[in-house]
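Residue-level listing of the chains:
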Amino acid sequence: MPKLKNNDLYFLPLGGAGEIGMNLNLYHYNGKWLMVDLGVSFERTLGMDVIMPDPSFIEERKKDLLGLVITHGHEDHIGAIPYIWHLLRCPIYATPFTAFLIRGKLREAGLLSQAQIIEIDPGDDVILGDFDVTFIPITHSIPEANALRISTPAGVIVHTGDWKLDTDPRIGAATDVDLLKSIGNEKPLALICDSTNIFSEGRSGSEGEVKDSLIELIKGQKKRVIVACFASNVARLQTCLEAAEETGRKIVLAGRSLWNMSDAAVHSGYFQSNKNFLKDAQFRNLDRHKVLLVCTGSQGESRAALSRIANGTHPKIKLEAGDTVIYSSREIPGNEAAIHQGQESLLDQGINVITDYDDMTHVSGHPNQDELKDMYDWVKPQILIPVHGERAHLREHMAFGLAHGIPRALAPRNGMLINLSIKGGPVAEGTVEHGRLAVDGTAIVHVKGEHIKNREKLASNGAIFITLVFNKKNNVLIPIDITIVGLPDIGQKGSLLSDLQYIVQEDVNTITSKKPKDDDYLQERLEQSVKKFINGILAKKPIVSIHIVRHS
Ligand SMILES: [Zn+2]
Ligand SMILES: [Zn+2]
């Protein structure tokens, strides 16, 4: 761990620098830390449901952690709170809509009564030690997204969080451009900025355009209409409400997260009430031309409503030929196969499918290149630190910023301790402990832990379990108990099992004739010989586990 200079301002990402997801950012000044966001990854792997950043570095310094400031309520910014907050136990600062979502998560984890959640209204600020943090309203695909102005004696930072520019966002405040411009007059030190859409030219488009287009599309349908979108996109839900009203349809919600979000929207005053939304049980009572169903599952998630509707296993909702499903979302990279499988299944049943490739059904919540240029012009930072992107996004964003007037830039990596105060900097002064944790069933584990490595090996190479039982005379009982898991049944003389029976028996006799009762030796030699045999015949390296039982 490099020594931190008290009068210098540092930025340290533990997640979100090199991936889109699991954001965890730290700032350090004068011996104290400020944390911004604590999210999960969108990835899922090897049976692990939730992947998130390893907070060990800040956990070891939690007495110097002033608080956790949350930019907005998306999962990649708040999703790890119920799993990690109890390790840190710092106060949480968020605007009311986001605070409502965080409370729901902590309640479910049984931690709500222990946590201190302080609501900050958009536009207000909070002073945490030497850090003065202002919540700047900014547009994104969820209400109450905020950029942060973080002012310290060593300089001012603008941490954008996720953002875009939209003059007609439908719900919530538009970006506070005047406030951003006024920060530009303070000569801020650095802009820590969203890189998600750095490869997209022009502008990301407006929610208002999606509204007009969706209403036209729904007007053109004679049978049932289903709109699949991200639950957190409350503006899209509002658009669906307006479209339902204009086309004389009733709106039905399917998916628990949609209800959670509409509760949060009612709580924060974005919706007057939930009474315009019907439960999925009422779906079957509505005439086909009188229903607009809004559901989750636009990414092909197997347990979400749309997937169950597509494969006919949803208990309350059945579609028929002639109905129409509108995907009001984009395909997140990695989900394409699952999404297309669902779409194929709908098409096979004669159901129409409309996606954002066919029509204007979605706009991104992140800034395209022209929006980024606007941000640079308003804020006028000395330094650009691109975040919220894969390595390629961060490098491209760094080059883009340098080409558009920002004097200096650095593409960070998770764990990189960056000194923003050094003249001519930023300078990476070292790397601290970082990594990934995962929720694996009920346990929280290191993604690189031994048991996960074994699971990976098991998934790609299978396993062989052999139990040897010796009688009192030191003879092995025949047949030897062998279980083969996840390997093809191909052998030299018939089946893999009979080959193994033969080889193991021969080997046991040879090995025990040299060292009759040395079980460790037998285990080791037998394991090597089975591995060698399988590698020779199948070119696979399975897990081989030998158990020896002796009757005394
Ligand atoms: Zn977001
Ligand atoms: Zn995000």
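Residues numbered from 1 in each chain as written. Chains lettered and ligands numbered in written order. Predicted model: local features only at pLDDT ≥ 70, side-chain atom pairs only at ≥ 80, totals over all residues.

Structural notes on the overall build of the protein
Test applied: Runs of E in the DSSP output that reach at least two residues are strands. Runs of H or I that reach at least four are helices, and both are numbered from the N terminus. Burial is judged by counting other C-beta atoms within 10 Å of a residue's own C-beta: 20 or more means buried, 12 or fewer means exposed, and anything between counts as partly exposed, with every C-beta placed from the backbone. Think of it this way: build a C-beta for each residue from its backbone, and any pair within 7 Å is a contact.
What the protein contains, in helices and strands, is 15 helices and 29 strands. For the C-alpha atoms alone, the extent of the protein along its principal axes is close to 90 × 70 × 45 Å. Split into buried and exposed, the 552 residues of the protein put 45% on the buried side. The contacts in the protein between residues at least 6 apart in sequence include a share of 70% that link residues at least 24 apart.

Concerning the environment of Y357
Assignment of secondary structure puts Y357 in the loop between β19 (352–354) and α11 (369–379). Separated by 30 residues in the primary sequence, Y357 and Y327 place their C-alpha atoms 9.6 Å from one another.

Description of the sheet that holds strand β28 (residues 481–485)
Strand pairing in a sheet takes place through backbone hydrogen bonds and is either antiparallel or parallel in direction. Selection criterion: A strand pair is defined by DSSP finding two or more bridges across the two strands. Convention adopted: a line fitted to C-alpha atoms gives each axis, helices being fitted over their contacting stretch, and angles between N-to-C directions are expressed from 0 to 180 degrees.
Spatial ordering of the open sheet is given by β28-β27-β29, a layout of 3 strands whose pairing is mixed. Edge strands, defined here as strands with exactly one partner in the open sheet, are β28 and β29 (543–550). Between one strand axis and the next, the sheet turns by 10 degrees as a mean value, whatever way the strands run. Relative to β28, strand β27 (residues 463–470) runs antiparallel, the two sharing 5 bridges. By the bridge assignment, A463 is partnered in β28 with V485. Packed onto the sheet, helix α14 (residues 496–514) meets β27 and β28 and runs at close to 135 degrees relative to β28.

Some thoughts on the environment of N276
Within the secondary structure, N276 sits in the loop between α8 (256–267) and β16 (277–278). Here N276 falls in the partly exposed class, since 14 other C-beta atoms lie within 10 Å of it. As for N276 and V252, which are separated by 24 residues in sequence, their C-alpha atoms are 8.6 Å apart. Setting aside residues up to four positions removed in sequence, N276 forms contacts with L241 and I251.

Let's talk about the domain arrangement of the protein
Our working definition: Throughout the structure description, domain borders are defined by an automatic or database domain assignment.
Split into domains, the protein comes out as domain 1 (10–202 + 364–446), domain 2 (207–354) and domain 3 (462–550). The C-alpha centroid of domain 3 is placed 56 Å from the C-alpha centroid of domain 2.

Things to note about the nonpolar core
Nonpolar side chains in soluble globular proteins tend to end up buried together. Which entries qualify depends on this criterion: Under the definition applied here, buried Ala, Val, Leu, Ile, Met, Phe, Trp, Tyr and Cys residues are grouped into a nonpolar core through C-beta atoms within 7 Å.
By size, the foremost hydrophobic cluster in this structure holds 131 residues, and its most contacted members are L292 and V294. When residues of this core are sorted by domain, at least three fall in each of domain 1 (10–202 + 364–446) and domain 2 (207–354). Every residue in contact with V294, bar those within four places of it in the chain, is listed here: V227, C229, L237, C240, I251, L253 and L258. Judged by nonpolar contacts, the second largest core, of 10 residues, contains I464, F470, V530 and I534.

Side note on the sheet that holds strand β13 (residues 190–194)
Taking strand neighbours across the sheet as the criterion, the 7 strands line up as β9-β10-β11-β12-β13-β20-β22 in an open arrangement whose pairing is mixed. Looking at strand neighbours, the two that pair on one side only are β9 (125–128) and β22 (408–409), the edges of this open sheet. Two strands pair when backbone bridges link them, and strand β12 (residues 155–159) and β13 are joined in this way by 3 bridges, in the parallel orientation. By the bridge assignment for β13, I157 is matched with A190. On the sheet, helix α12 (residues 391–403) packs against β20 (383–387) and β22 and is oriented at approximately 155 degrees with respect to β20.

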